[in-house]
Amino acid sequence: MARRNAPPGSQTSLREANRARVVESLKRHGRLTQIELAGSTGLSPATVSNIVKELTASGLLHTSFTTSSGRRATLVSLARRLGLVAGVHYSSRHLHIAIADTARTIVTQSSLPLPLDHRHDSELDRLALLLGDMMESIGGSLSDLLAVGLALPAPIDPRTGRVSTPGLLRGWEGVDVAESLSIRIGRPVYVDSEANLGGLAEAREGNGRAAASSVFIRVGHTISAGLVVDGDLFRGVNGKAGQIGHVTLDENGPICRCSNRGCLETYAGGPALLSLFPPSEGMHRLGDLLQAAEAGDGSARRVIADAGRHIGIAAASLCNLFDPELIVVGGELGQAGEILMAPMRHSLERTALPSADGLPEIVGASFGEWAETRGAIAIALDHVTVLDAGAGLDGMSGTGPLPGAPTLPITA
């Protein structure tokens, strides 16, 4: 249905723009109180209150009551009935899938292990079946999905949607993953790296929410980072920004999978850590290492602490270049908590340039192993256009919808 555009500068145009700012803020953050909405949009509390009332009456928003600073507050979110999106995360060894409504409430989720050298064709075939089964389990079908966000364990070129660096994800290179999955399921798909999407989730709704700029360092089988400024990702020209795992620690060190020598991953990545134990000790996965460390095994704790020291050195270089306010540590090894992060802080204090405000704080991820999946949900929502013919809402995405982006239909 076509919408009549209001003349620029008219009261109607201003009202539509204000509504768009409110909806976009809720798309980015999920749920906000009316006071938080006023702060995030720059609109007055009275204007926000009027917009919320109008859009709640039209069915676009949902309101409930909560307590903020000891006072009753109105909590606002997009209405759940607007539709569903899916977030998918392929790590090196696991697959996580979550389906959520537009308020980012998880409706159903699933996870399963993956073979080490998984390939795009077989895995995307399986994912299409899994998404169909999950939608059927909640009484829907694939056609009910508005969009799918997908996180991969490699840098993604934002111009092509392909893995940007050869050797980092064999079996997936040279493939337009978004298009390939979209053909299988008939829905729009948007792809980014796992570190970027983990960072997006933490910046939008997690521990990085209050920071103007943050770094999400994902430590697991591989190591990478997502750089976030004012709630948006900095990807670089080829999508390679934040590849901290390939910062050189020793130019004469071991050969890395990227073909360079002495990269951080060769000292602190999952395979490097597990290789330090004899086969008889049963350290086959990072989960085994974490379980041993939690049980008090001295060798396991030392290996994790040494990894934290190496990561801290690389993080110091990243801080000197990017100067973030906060560092969030996630991924499988991030679940080690202070065993990993305390040595990171020590290395950062020794090697990063100091400032009057001190060094960036280092904290754990809010969402654990599901951070990247929640980030995938976020980019799916970012590419959904809101359409409300009655209220004149269209094209709410801050950067504009991509061609073919779906809409959230509003029924009377």
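Residues numbered from 1 in each chain as written. Predicted model: local features only at pLDDT ≥ 70, side-chain atom pairs only at ≥ 80, totals over all residues. Heavy atoms only, no water.

## Comments concerning the overall build of the protein
Along its length, the protein carries 12 helices and 15 strands. Taken over C-alpha atoms, the radius of gyration comes to 22 Å for the protein, in line with the 22 Å a tight globule of 412 residues would show. Relative to its full complement of 412 residues, the protein shows a buried share of 55%. Looking at the protein alone, contacts between residues at least 24 apart form 61% of all its contacts between residues at least 6 apart. As presented, the protein carries roughly 17900 Å² of accessible surface, and 50% of it is formed by carbon and sulfur atoms. In the protein, the 36 positive side-chain charges and the 42 negative ones have mean positions that sit 5 Å from each other. (Helix = DSSP H or I, 4+ residues; strand = E, 2+ residues; numbered from the N terminus. Rg over C-alpha atoms; globule rule 2.2 N^0.38 Å. Buried < 20%, exposed > 50% of the residue type's maximum accessible area, 1.4 Å probe, protein only. Contact = heavy atoms within 4.5 Å. Areas by Shrake-Rupley, 256 points an atom, 1.4 Å probe, with all protein chains shown as cover. Lys, Arg positive; Asp, Glu negative; His and termini not counted. Charge placed at Lys NZ, Arg CZ, Asp CG, Glu CD.)

## Section: the pairing of strand β5 (residues 94-101)
When you tally the buried positions in β5, you get 7 out of 8 residues, the bulk of the element. With 7 bridges joining them, strand β4 (residues 84-90) and β5 adopt antiparallel strand pairing. Along β5, the bridge assignment pairs Leu-84 with Asp-101. Counting the residues in the hairpin turn of β4 and β5 gives 3 residues. Here β5 runs beside strand β6 (residues 106-113); their pairing, made up of 7 bridges, is antiparallel. Within β6, the residue paired with His-94 across the bridge is Pro-113. (Pairing = 2+ DSSP bridges.)

## Here we look at the packing of aromatic side chains
Counted under the stated rule, the structure contains 1 aromatic pair. Of note, Arg-72 hangs over the ring of Phe-65, and the distance from its end group to the ring centre comes to 3.8 Å. Over the aromatic face of Phe-367 sits the side chain of Arg-374, whose NZ or CZ is 4.9 Å from the ring centroid. (Phe/Tyr/Trp six-rings, centres within 6.5 Å; stacked < 30°, edge-to-face > 60°. Lys NZ or Arg CZ within 6 Å of the ring centre and 35° of its normal.)

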